[in-house]
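Structural overview for review
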Amino acid sequence: MTKRIIDLRLVEKREWPQAVLLKLRSDVEPLPEAAPGQFVQVRVDQSPATYLRRPISIHFIDRERRELWLLVRKVGAGTRAMADWPLQTRVNVVFPLGHPYTLPKASKKERCLLVGGGIGLAPLLYLGKMLHEQGHHPMFLLGGRSADDLIQLNEFEQYGELCLTTEDGSAGIKGLVTAHPVLQGPSPDRIYCCGPKPMMVAVARYARQKGLWCEVSLENTMACGIGACLCCVEDTVEGHRCVCQEGPVFNINQLKWQI
Amino acid sequence: MLTASGTFGYGREYTDFIDLSDLGGIIVKGTTLHPREGNAYPRMAETPSGMLNAVGLQNKGVDYFVEHIYPEVSQYDTRVLVNVSGSTVDDYVACAEKIQALDKIPAIELNVSCPNVKQGGMAFGVSCEGIASVVGAVRKVYHKHLMVKLSPNVTSIADIAMAAEAAGADSVSLINTLLGMSIDAEKRRPRLSTVTGGLSGACVKPVALRMVWQVAKAVKIPVIGLGGISSATDAIEFLLAGASAVQIGTANFIDPAVSVKVVRGIEDYCERHHIEAVSSLTGALEI
């Protein structure tokens, strides 16, 4: 997949207490080919506090409308500035970047569990769509601190069943994603995961114990996003590997996590 | 116009965005005699108008470069320089000898200024004796163009540059990163695994410009300017201060096509000012 630098236009925006959904449209050319789990590097502005681009997961791609959707958690100066963008803002992005989630072969219909925590649910929408289109059976297990974190549920519902947890019990089962009874049922063929590291470690541990295939998506701090600066490395069984280039998606067997 | 070592990988990372033949050349990642895993994560912290890095010369060693990377980069239609680093004089010499055998590498950039590993060369680059010892030893075995990359973490960079020149350097490039630090006050922890790291980006430009100006007045060999260049205007400022060429570093991370834009921008500037040769800008600062 060829990486490109492209100007998009903010055409729609939806905001929640912790996050914002940005729909960015390409007016002149089709969006580059991109796969679930890949990310984009967003130029925020030229203010001193947002010198580097911000790496953001691809939440969804609407090819017909030439729209790239980003679901962004408002955590720092860059993401807050993005949330403040007025409609029609020109947004410069580099994409697609990184190594995507591995999809099962289309010939074999698989049951896939997509586990997202907090803003980690972002990449799972496009992944769920692609799995659904290929005839697999995605199920979403989404967790948050409270109901405020469980967003875009109407979108997720189109592609698979939802299982929800919240730490305060304001939606779904009370507790962490690992407390959800779906994990006690029949094992899925594959687990795809994205979220805070402690949650991904817990999911990886579950997968390891059950002998299940599992991929996780990391978010180490990055500078270039294209494998040039070697800043975002993760310690893997093959040594230091760039999360931006050889990740962000890794199979748990590649990682040196204590699981 | 060259792309700075450590910011441009091996060139292949940028071929989706630019045509490498539009550049004067690229300087590939710092290469050492033996493979190095580099420092632990986290290695990067964003700072106002810049960034700190503590990569620590992660590379697979010169033999891997010769066997696996050279065959690819030697096909590029641009000049490919190798940045050579080491912990001892013998390491530098052995590494330089191996690169000398590669026909398509016209020059090396001797890195005596990496601040991120305990013996990453900065020890050599911060004293006149140190730089003379390593440059002199490499000069004896390396017969192509020998560029020496200087550390800004010194009291008088002009003295260091003169020592490099006297020891046989063909050119000097400056500045490498400035030693800096970032702290997370909430966690009371440093943001880099190594506590300190190298500062680069737009914020270092005034320091770099001043040092290029001082060095250009002190030596007769060409000076290659770098430090915070992200536009043609920035590049021209370095030329006026005395640089014969420039390198683009951190700005490549923000706009992967910036290097070519700078080249085009310099061409535009020359047209607007009716300048026939860019070289006439070198040192043309009017004071």
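Residues numbered from 1 in each chain as written. Chains lettered and ligands numbered in written order. Predicted model: local features only at pLDDT ≥ 70, side-chain atom pairs only at ≥ 80, totals over all residues. Heavy atoms only, no water.

1. Focus: the overall build of chain B
Across its full length, chain B carries 9 helices and 14 strands. Radius of gyration (C-alpha) of chain B: 18 Å, near the 19 Å computed for a compact globule of 287 residues. When the backbone C-alpha atoms are referred to their principal axes, chain B occupies close to 50 × 50 × 40 Å. When the 287 residues of chain B are sorted by exposure, 59% land in the buried category. Sequence-distant contacts, at least 24 apart, represent 70% of the contacts inside chain B between residues at least 6 apart. By element, 52% of the accessible surface of chain B is carried by carbon and sulfur atoms, the whole surface being about 11600 Å². Positive and negative side-chain charges of chain B, numbering 24 and 29 respectively, have mean locations separated by a distance of 7 Å. (Helix = DSSP H or I, 4+ residues; strand = E, 2+ residues; numbered from the N terminus. Rg over C-alpha atoms; globule rule 2.2 N^0.38 Å. Buried < 20%, exposed > 50% of the residue type's maximum accessible area, 1.4 Å probe, protein only. Contact = heavy atoms within 4.5 Å. Areas by Shrake-Rupley, 256 points an atom, 1.4 Å probe, with all protein chains shown as cover. Lys, Arg positive; Asp, Glu negative; His and termini not counted. Charge placed at Lys NZ, Arg CZ, Asp CG, Glu CD.)

2. Focus on the nonpolar core
Residues Phe65(B), Leu110(B), Val138(B), Val148(B) and Leu174(B) are the most contacted members of the largest nonpolar core, which totals 128 residues. Built from parts of two domains, this core gets at least three residues from each of domain 1 (4-97) and domain 2 (111-217) of chain A. The contacts of Val138(B), once residues within four sequence positions are left out, are Tyr92(B), Val93(B), Ala96(B), Ile108(B), Leu110(B) and Leu146(B). Leu124(A), Tyr126(A), Leu127(A) and Phe156(A) belong to the second-largest nonpolar core, a separate cluster that totals 53 residues. (Core = buried A, V, L, I, M, F, W, Y, C linked by side-chain atoms within 4.5 Å. Domains from an automatic or database assignment.)

3. Topic: the sheet that holds strand 1 (residues 2-3) of chain B
In spatial order, the strands read 1-2-5-6-7-8-13-14 (chain B); together these 8 strands close into a barrel with parallel pairing. Contacts between helix 2 (residues 89-100) of chain B and the sheet are confined to strand 2 (25-31), strand 5 (79-84) and strand 6 (107-111) of chain B, with strand 5 of chain B contributing the most and set at about 165° to the helix. (Pairing = 2+ DSSP bridges. Axes fitted to C-alpha atoms, helices over the stretch in contact; angles between N-to-C directions.)

4. Quick notes on the domain arrangement of chain A
Residues and elements named next belong to chain A. Assigned domains within chain A: domain 1 (4-97) and domain 2 (111-217). The interface of domain 1 with domain 2 comprises 18 residues on the first partner and 17 residues on the second. Summing both partners gives a buried area of about 1600 Å² for domain 1 against domain 2, and 65% of it is carried by carbon and sulfur. For the interface between domain 1 and domain 2, the tally reads 0 salt bridges. Applying the counting criterion to the domain 1 and domain 2 interface returns 4 residue pairs in polar contact (both at pLDDT 80 or more). Elements supplying a minimum of two residues to the side of domain 1 that touches domain 2: strand 2 (19-25), strand 5 (60-62) and strand 6 (67-73). The leading source of residues in the side of domain 1 that touches domain 2 is strand 6, at 4 residues. Of the residues assigned to the side of domain 1 that touches domain 2, the class counts are 13 nonpolar, 3 polar and 2 charged. (Buried area = accessible area lost by both parts, 1.4 Å probe. Salt bridge = Lys/Arg side-chain N within 4 Å of Asp/Glu carboxyl O. Polar contact = N/O pair within 3.5 Å; in protein donor to acceptor, adjacent residues only side chain to side chain. Nonpolar A, V, L, I, M, F, W, Y, C, P; charged D, E, K, R; others polar.)

5. Considerations on the interface of chain A and chain B
Accessible area lost on assembly of the parts is the figure often given for the size of an interface. At the junction of the two partners, chain A supplies 29 residues and chain B supplies 32 residues. Together chain A and chain B conceal approximately 2600 Å² of surface at their shared face, both sides included; 61% is due to carbon and sulfur atoms. In this assembly, chain A and chain B are joined by 1 salt bridge. Salt-bridge contacts for Glu46(B) lead to Arg54(A); the nearest nitrogen and oxygen are separated by 3.0 Å.

6. A short note on the pattern of salt bridges
Scanning all chains against the criterion turns up 20 salt bridges over all chains. Note that Lys108(A) is salt-bridged to Glu110(A), the shortest N-O span being 3.0 Å. Put simply, Asp22(B) and Arg264(B) hold a salt bridge, and the shortest N to O gap is 3.2 Å. Taken as a pair, Asp22(B) in the loop between strand 1 and strand 2 and Arg264(B) in helix 9 (residues 258-272) lie far apart in primary sequence, 242 residues in all. A residue is classified by how much of its surface remains accessible, and Asp22(B), at 29% relative accessible area, is partly exposed. Among the charged side chains, a salt-bridge network with shared partners connects Arg9(A), Asp27(A) and Arg90(A).

7. Points about the environment of Leu124(A)
All names here are of chain A. Residue placement: Leu124 occurs in helix 2 (residues 124-133). For Leu124, a relative accessible area of 0% corresponds to the buried category. For the pair Leu124 and Val91, spaced 33 residues apart in sequence, the C-alpha to C-alpha distance is 23 Å. Every residue in contact with Leu124, bar those within four places of it in the chain, is listed here: Tyr101, Leu114, Val115, Gly116, Phe140, Leu142 and Phe156.

8. Focus: the pairing of strand 14 (residues 245-248) of chain B
Residue and element names in this part refer to chain B. Two elements, strand 1 and strand 14, share 2 bridges in a ladder whose sense is parallel. For Leu2, the partnering residue across the bridge sits in strand 14 and is Gln247. With 2 bridges joining them, strand 13 (residues 223-225) and strand 14 adopt parallel strand pairing. Opposite Gly225, over in strand 14, you have Val246 as the bridge partner.

9. Quick notes on the sheet that holds strand 3 (residues 44-47) of chain B
All names here are of chain B. In space, the 4 strands of this open sheet follow the order 3-4-12-9, with antiparallel pairing throughout. Lying at the two open borders of the sheet, with one neighbouring strand each, are strand 3 and strand 9 (178-181). If you compare each strand with its neighbour and ignore which way they point, the axes differ by 40° on average. Here strand 9 runs beside strand 12 (residues 196-200); their pairing, made up of 4 bridges, is antiparallel. Bridging across to strand 12, Met181 finds its partner in Thr196.

10. Structural notes on the environment of Ala202(B)
If you trace the backbone, Ala202(B) turns up in the loop between strand 12 and helix 6 (205-218). With a relative accessible area of 34%, Ala202(B) lands in the partly exposed category. Taking the C-alpha atoms as reference, Ala202(B) lies 5.8 Å from Gly50(B); in sequence the two are 152 residues apart. If sequence neighbours within four positions are ignored, Ala202(B) has contacts with Tyr51(A), Ser49(B) and Gly228(B).

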